[in-house]
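As a plain string of letters, each chain reads:
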Amino acid sequence: SLRAIDVWPWPRSIHGALVDRLVADGAARIAFDIDFSSRSTEIEDRAFADALDAVLQAGGGEVLVPKGLYRLEAPWIVPDGAVDITLRGERGAYLMAGPGLDAGLLQIGRRDHASGQVENIGVETLRLHGRGATDPGTTNANGIELGNCLNVVVRDVHIQSFAGRGFVGNKPNT
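This is a predicted model, so every value here is computed, not measured.

Enquirer: So what's going on with the pairing of strand β4 (residues 83-89)? Residues and values would help.
Expert: With five bridges connecting them, strand β1 (residues 61-65) and β4 associate as parallel partners. Opposite V63, over in β4, you have L87 as the bridge partner. Pairing of β4 with strand β7 (residues 118-124), which is carried by five bridges, proceeds in the parallel orientation. Within β7, the position partnered with I85 by the bridge is I121.

Enquirer: Can you tell me about the nonpolar core, naming the residues and giving the values?
Expert: One finds W76, L95, L105, I108, I121, L126 and L128 to be the most contacted residues of the largest nonpolar core, which totals 33 residues. Not counting residues within four places of it along the chain, the set of residues in contact with L126 comprises V65, L87, G89, A93, L95, D156, V157 and H158.

Enquirer: How would you explain the sheet that holds strand β6 (residues 106-108) if you had to name every residue and give the values?
Expert: One open sheet accounts for four strands, arranged β3-β6-β9-β12; its pairing is parallel. Of all the strands in the sheet, just β3 (76-78) and β12 (167-169) have a single pairing partner and so form its edges. Within the sheet, the average angular offset between the axes of one strand and its neighbour, ignoring direction, is 10 degrees. In terms of strand pairing, strand β9 (residues 144-146) meets β12 through three bridges, oriented parallel. Note that in β12 the partner of E145 across the bridge is V168.

Enquirer: Any details on the sheet that holds strand β2 (residues 68-72)? Residues and values, ideally.
Expert: Reading across from one edge, β2-β5-β8-β11 is the order of the four strands in this open sheet, with parallel pairing throughout. The sheet is open, and its two edges are formed by β2 and β11 (158-160), each paired on a single side. Averaged over all neighbouring strand pairs, the angle between strand axes comes to 15 degrees, with direction disregarded. Bridge count between strand β5 (residues 93-97) and strand β8 (residues 127-129): three bridges; the pairing is parallel.

Cut-offs used in this document
Sequence positions are assigned chain by chain, starting from 1 and proceeding in written order. Totals for whole chains, interfaces and linings use every residue, but because this is a predicted model, local features are given only for residues with pLDDT of at least 70 and side-chain atom pairs only at 80 or more, for both listing and counting. As a rule here, side-chain values cover all heavy atoms of the structure and leave hydrogens and water aside. Strand pairing requires that DSSP identify at least two bridges connecting the strands. Working definition: helices are DSSP H or I runs of at least four residues, strands are E runs of at least two. Numbering for both runs from the N terminus. By nonpolar core we mean a set of buried residues, namely Ala, Val, Leu, Ile, Met, Phe, Trp, Tyr and Cys, connected to one another through side-chain atoms within 4.5 Å. Burial classes: relative accessible area under 20% of the type maximum marks a residue as buried, over 50% as exposed, and values in between as partly exposed (1.4 Å probe, protein chains only). In this analysis, two residues are considered to be in contact whenever any of their non-hydrogen atoms come within 4.5 Å of each other. To obtain an axis, a line is fitted to C-alpha atoms, over the contacting stretch when the element is a helix, and the angle between two such axes runs from 0 to 180 degrees between their N-to-C directions.

The structure is reproduced here in structure tokens:
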């Protein structure tokens, strides 16, 4: 596979395509044991995030984030209409905002309330690290943004160094 793709680390769109294929073939569980700390692009991050969205839309379940550093140029989004999902990090799983990120690092439901509500979401054992107000290229990115949500449980999550806010709830029942 390294010879066929001819680049390492693989672009995140390759991982996204792999997830799409595994979901289409009926995989019950998908786990990555890969270091995603190398620089990426917003397009590549979005391709991988879209594949994670497909897993979530396939009926809920658990998305495991293995130990490692994940530098993101685009947010991870739990999409509208998602139900019964847990995003669980192994101890030592870090999501870090890359310099191009100007939205919430982890977005749960859309903030404009235009479509379906997100229900029964868990976020556990993750470390979120943003870009502090004095970092070069800082934007007002937030850590976790909640949109149209019901029953969201955030447990053992550490949020630090965001120029915006660490945790943003957009509705009284979040």
